[in-house]
There are 2 protein chains.
Amino acid sequence: MSTSPAQQQRRRRIIDAAVRLAADGGYDAVQMRDVADDAGVALGTLYRYFPSKVHLLVSALASQFEQAEAITERRAIVGDTAHERVMKILGGTTVSLQKQPQLTEAMVRAFMFADASVLGEIEEVGSRLTRMIARAIAGTPDHGEATEEEAAIIRVIADVWMSSLVSWANGRSGAAEVEKSIDVAVRLLLRD
Amino acid sequence: MSTSPAQQQRRRRIIDAAVRLAADGGYDAVQMRDVADDAGVALGTLYRYFPSKVHLLVSALASQFEQAEAITERRAIVGDTAHERVMKILGGTTVSLQKQPQLTEAMVRAFMFADASVLGEIEEVGSRLTRMIARAIAGTPDHGEATEEEAAIIRVIADVWMSSLVSWANGRSGAAEVEKSIDVAVRLLLRD
DNA sequence: CCAAATAATAGAACCTGTTACAACTTGGAG
DNA sequence: CTCCAAGTTGTAACAGGTTCTATTATTTGG
C-alpha cells in the first residue's frame, strides 16, 4: 500500500488546490467539488485521499508547517535569550501566516474544529510546532530531550499561539494583540 | 424591539433543547430541526432567534458561563495565593464541564469554529471568563481595573484554558493533562 | 376595539459535505 | 502478454444547515 509517484502528485495537487481556494475566500470557499475539479481529480478520489474537508485543511496546515520547519531548520536561530529566539520563530511564522489571512482562517478553523477522527493529522501539526518551539528554546539544531516541565511549557506556548491565531482569524483581535499575548506568555514562562 | 416574556421563554426553551441534545450526542447531535421540535418552535423561528447553529451553541456556552459566574460571585474565593484561587475557579469549572463531555465538546467546538459573524456572542463568553479570572486573581468581589499587563496575563490564561479544553474534547489529552497545562501556565504567569 | 405591523408556523427548496455505485483504467504478478 | 486487484471516474443520491414563502397568530398604536 505504498504510494506511487502518481499518487503523491495527486495528493499534492489536491492540497495545492485547497490552499489556492482557501487563500481567496477562506474556509467556506474550500468546496469539495471545486477542490476536486481544480486538482483534476474525481470527487470520490478526493475523498479517498482525505476523508473529510477538515482532514484536508489540517493536512494543508501540516504541510505549511513542514515548510516553515524546513526553513528554520537550516541554520541556528539567532538571539541571546530563549525568549528572543522563540519570539523570532513564532513572530516570523505569525507574520507570514497573516500575509494570507483567508488561508490562515481556513486552516486554523479546521484545526480547531477537528474531532477525534483527525487525531493523526492534528498530532502531526502539534509535533512540528512543538519541535520548532523546542529548537528555538534550545537555540541549537540538535534536540536534547525536554524535561517534563519544559514539555508543559512548550505546550502552553503552543496553546497560546493557536488561540491567538483563532481570535485574530475571527477578528476579535489584531496583529498587535497577537504579538502581545505571545510575548507575555513567552516572557513569563521562560524567564531568563 | 424589546423582548417580551414569551420571547424570553422561547429563547430559553431553545437553548435548553440545544443543551439537552448536545449533552448526549455532542455537536453532531444538535440538529437544527430537532432543536426546533424539542423547543416546540418552528424552524424559521429558531433561525430568527439564533442565526446559525454556531450562534446557538456559543450562546449556550455563554449561558453556562453566566451560571458559573453567578455561583462564584456569591462569596469570596478562598485561597492564599492568586495561583490557588485561579486554580480553584478554573479547576472547578473544568471539572463540572468534564462531567458532561458531549455537551462541552459541542460548545467548545462551536466556540472555536465561530467566525466573525459571531463576534457578539464570542465576546460575551470572553468577557465573562475574563471577569471570573480577574476576580480570582484579586480574591475579592470588587473589580479594580486591571493593568494592561494583568489584562494580557488574563488573556493568556483564558487562551490556555480554552485550548486545553479543545484538546481534551477531541481526545488528544486527558483530564490530568488539562489540569497540568493550566497549572503550569497559572503558576508561571502569576508567580507569588 | 380595530387595523397595520410584527412574529410564528409548516413546509418546500436549496446548498454543500459526504456516501454509494457502476463502469472504466492501470500497474504489476505470473 | 494477459489477467486481476486496486485505483479512478462520473454521476446520482442522501443528510443536515440554511433560506424562502405563503399563511396564520399576536402585538400594538390609534
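Look above for the structure.
Residues numbered from 1 in each chain as written. Chains lettered and ligands numbered in written order. Predicted model: local features only at pLDDT ≥ 70, side-chain atom pairs only at ≥ 80, totals over all residues. Heavy atoms only, no water.

**Some words on the overall build of chain A**
Part 1 of the reasoning: From N to C terminus, chain A includes 10 helices and 0 strands.
Part 2 of the reasoning: Counting from the amino terminus, helix and strand elements in chain A follow one another as α-α-α-α-α-α-α-α-α-α.
Part 3 of the reasoning: Taken over the C-alpha trace, chain A has a radius of gyration of 17 Å; the compact-globule value for 192 residues is 16 Å, and the two agree within 12%.
Part 4 of the reasoning: On the principal axes, the C-alpha backbone points of chain A span a range of 55 × 40 × 30 Å.
Part 5 of the reasoning: Relative to its full complement of 192 residues, chain A shows a buried share of 50%.
Part 6 of the reasoning: Within chain A, contacts between residues at least 6 apart in sequence are counted, and of these 74% link residues at least 24 apart.
Part 7 of the reasoning: Counting only carbon and sulfur atoms, one obtains 51% of the accessible surface of chain A, whose full area is about 9,000 Å². (Helix = DSSP H or I, 4+ residues; strand = E, 2+ residues; numbered from the N terminus. Rg over C-alpha atoms; globule rule 2.2 N^0.38 Å. Buried < 20%, exposed > 50% of the residue type's maximum accessible area, 1.4 Å probe, protein only. Contact = heavy atoms within 4.5 Å. Areas by Shrake-Rupley, 256 points an atom, 1.4 Å probe, with all protein chains shown as cover.)

**Section: the pattern of salt bridges**
Close approach of charged atoms lets side chains of opposite charge pair.
Part 1 of the reasoning: A full pass over the atoms with the stated rule returns 19 salt bridges over all chains.
Part 2 of the reasoning: The shortest N-O distance in the salt bridge between D38(A) and R20(A) comes to 2.9 Å. Separated by 18 residues along the polypeptide, D38(A) in helix α3 (residues 32–39) and R20(A) in helix α1 (residues 5–23) bring together distant segments of the chain.
Part 3 of the reasoning: We note a salt bridge from E69(B) to R128(B), for which the minimum N-O separation is 3.0 Å. Taken together, the residues E69(B) in helix α5 (residues 53–74) and R128(B) in helix α8 (residues 119–138) connect sequence positions 59 residues apart. Each of the two residues, E69(B) as well as R128(B), counts as buried. (Salt bridge = Lys/Arg side-chain N within 4 Å of Asp/Glu carboxyl O.)

**A few points about the interface of chain B and chain A**
Part 1 of the reasoning: Facing the 34 residues of chain B at the interface are 34 residues of chain A.
Part 2 of the reasoning: Note on chain B versus chain A: buried area summed over both sides is about 3,300 Å², and carbon and sulfur give 60% of it.
Part 3 of the reasoning: For the pair chain B and chain A, the number of links is 4 salt bridges.
Part 4 of the reasoning: A salt bridge links K180(A) to E148(B); the shortest N-O distance between them is 3.9 Å.
Part 5 of the reasoning: At the surface where chain B touches chain A, the tally comes to 9 residue pairs in polar contact (both at pLDDT 80 or more).
Part 6 of the reasoning: Of all the secondary-structure elements, those providing two or more residues to the side of chain B that touches chain A are α7 (101–113), α8, α9 (148–169) and α10 (175–189) of chain B.
Part 7 of the reasoning: Here the side of chain B that touches chain A takes 11 residues from α9(B), the largest share from any one element.
Part 8 of the reasoning: Looking at side-chain class alone, the side of chain B that touches chain A contains 17 nonpolar, 5 polar and 12 charged residues. (Buried area = accessible area lost by both parts, 1.4 Å probe. Polar contact = N/O pair within 3.5 Å; in protein donor to acceptor, adjacent residues only side chain to side chain. Nonpolar A, V, L, I, M, F, W, Y, C, P; charged D, E, K, R; others polar.)

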